[in-house]
Amino acid sequence: LTKERNLFPRDFMHWHDVRIDENRTKQAIDDAEKRKDFYCKFLHISTKYFSLEHQNGTFAVVIAKSPAELINEGDVLHHCVGRMGYDQKFAREETLIFFIRMKEQPDIPLVTVEYSPTQKRILQCYGDHDSKPSEEILDFVNKKWLPYANRQIKKIAA
């Protein structure tokens, strides 16, 4: 064992990288198992408030279905919805996260809305890089979707 070739084999980096990858895979599997209950709870909340989704001629409102969707939304729109504990707040029903989309392009992030089901009001509404949405979108969110959402919340509570 004192020979250098035994301490540092020629393919040391290769086997180092293999073991690191194996360890990361194990950690990912362990993390997925730990978060399984959380993901189920998140989906349960999303399903509970599914009736708040809404469409009109131009726009569609979609509720987040998973923490991964929050992360994607935050990455694409360059804001913090995928971080900062929004997934935890969502799972505790402190806040709900909705995505505003063009009806014809339902998979392309446009605007993100944070809604309080207890206060029945919009807490935040931002587009790319925390920009203020267009007047057309704000009109839709505040005058069409928000009254609709508040009516649906009353039905859910009843």
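Residues numbered from 1 in each chain as written. Predicted model: local features only at pLDDT ≥ 70, side-chain atom pairs only at ≥ 80, totals over all residues. Heavy atoms only, no water.

A.B. asks: What exactly am I supposed to notice about the sheet that holds strand 3 (residues 96-102) here?
C.D. replies: Note: strands within a sheet are paired through backbone hydrogen bonds, in either parallel or antiparallel orientation. Read across the sheet, five strands follow the order 1-2-3-4-5 without closing on themselves; strand pairing throughout is antiparallel. Two strands lie at the open edges of the sheet, namely strand 1 (54-55) and strand 5 (121-126), each paired on one side alone. In the sheet, strand 1 pairs with strand 2 (residues 59-63) via two bridges, with the strands oriented antiparallel. Its bridge partner being in strand 2, Q55 is matched across the sheet by A60. Along the sheet, helix 5 (residues 135-157) makes contact with strand 1, strand 2, strand 3, strand 4 (111-116) and strand 5, crossing strand 4 at roughly 35°. (Pairing = 2+ DSSP bridges. Helix = DSSP H or I, 4+ residues; strand = E, 2+ residues; numbered from the N terminus. Contact = heavy atoms within 4.5 Å. Axes fitted to C-alpha atoms, helices over the stretch in contact; angles between N-to-C directions.)

A.B. asks: What is the right way to read the nonpolar core from this model?
C.D. replies: What tends to happen in soluble globular proteins is that the nonpolar side chains get buried as a cluster. In this structure, F98, V113, Y115 and W145 are the most contacted members of the largest nonpolar core, which totals 33 residues. Elements supplying a minimum of two residues to this core: helix 2 (12-48), strand 2, helix 4 (86-91), strand 3, strand 4, strand 5 and helix 5. Of the residues forming this core, the biggest block, nine residues, is contributed by helix 5. (Core = buried A, V, L, I, M, F, W, Y, C linked by side-chain atoms within 4.5 Å. Buried < 20%, exposed > 50% of the residue type's maximum accessible area, 1.4 Å probe, protein only.)

A.B. asks: It is not clear to me how the pairing of strand 4 should be interpreted in this structure. Could you clarify?
C.D. replies: Side chains on a regular strand alternate between the two faces of the sheet. Counting buried residues in strand 4 gives six out of six residues, a clear majority hidden from the surface. Neither face of strand 4 is left uncovered, since the one carrying V111, V113 and Y115 and the one carrying T112, E114 and S116 both have all their residues buried. Examined bridge by bridge, strand 3 and strand 4 share five bridges and lie antiparallel to one another. Its bridge partner lying in strand 4, I100 is registered against V111. Sheet analysis places strand 4 next to strand 5, joined by five bridges and oriented antiparallel. Counterpart to V113 in the pairing with strand 5 is C125. Connecting strand 4 to the antiparallel partner strand 5 that follows it, the hairpin turn spans four residues, and K120 within it adopts a positive phi of roughly 55°.

A.B. asks: Honestly, helix 3 (residues 67-77) in this entry has me stumped. Any pointers?
C.D. replies: Because each turn of an α-helix spans 3.6 residues, side chains separated by three or four positions end up pointing in the same direction. Three or more residues of helix 3 are buried, namely P67, L70, E73, G74 and L77. Seen from one end, helix 3 has its buried residues packed into an arc of 120°, which puts them on one side. Buried residues in helix 3 make contact with helix 2, helix 4, strand 3 and strand 4. Just downstream of helix 3, H78 is the residue with a positive phi angle, here 55°. (Arc of directions from axis to C-beta.)

A.B. asks: I would appreciate a short explanation of helix 5 in the present structure.
C.D. replies: When the terminal C-alpha atoms of helix 5 are compared, their 31 Å separation across 23 residues agrees well with the 33 Å that a helix rising 1.5 Å per residue should span. The largest bend along helix 5 reaches roughly 40° and is located at W145, with the proline P147 sitting one to four residues downstream. Those residues of helix 5 that sit buried are I137, L138, F140, V141, W145, L146, Y148, A149, N150, Q152 and I153. Those residues of helix 5 that are buried lie in contact with strand 1, strand 2, strand 3, strand 4 and strand 5. (Expected span 1.5 Å × (residues − 1). Bend = angle between axes of the 7 residues up to and from the residue.)

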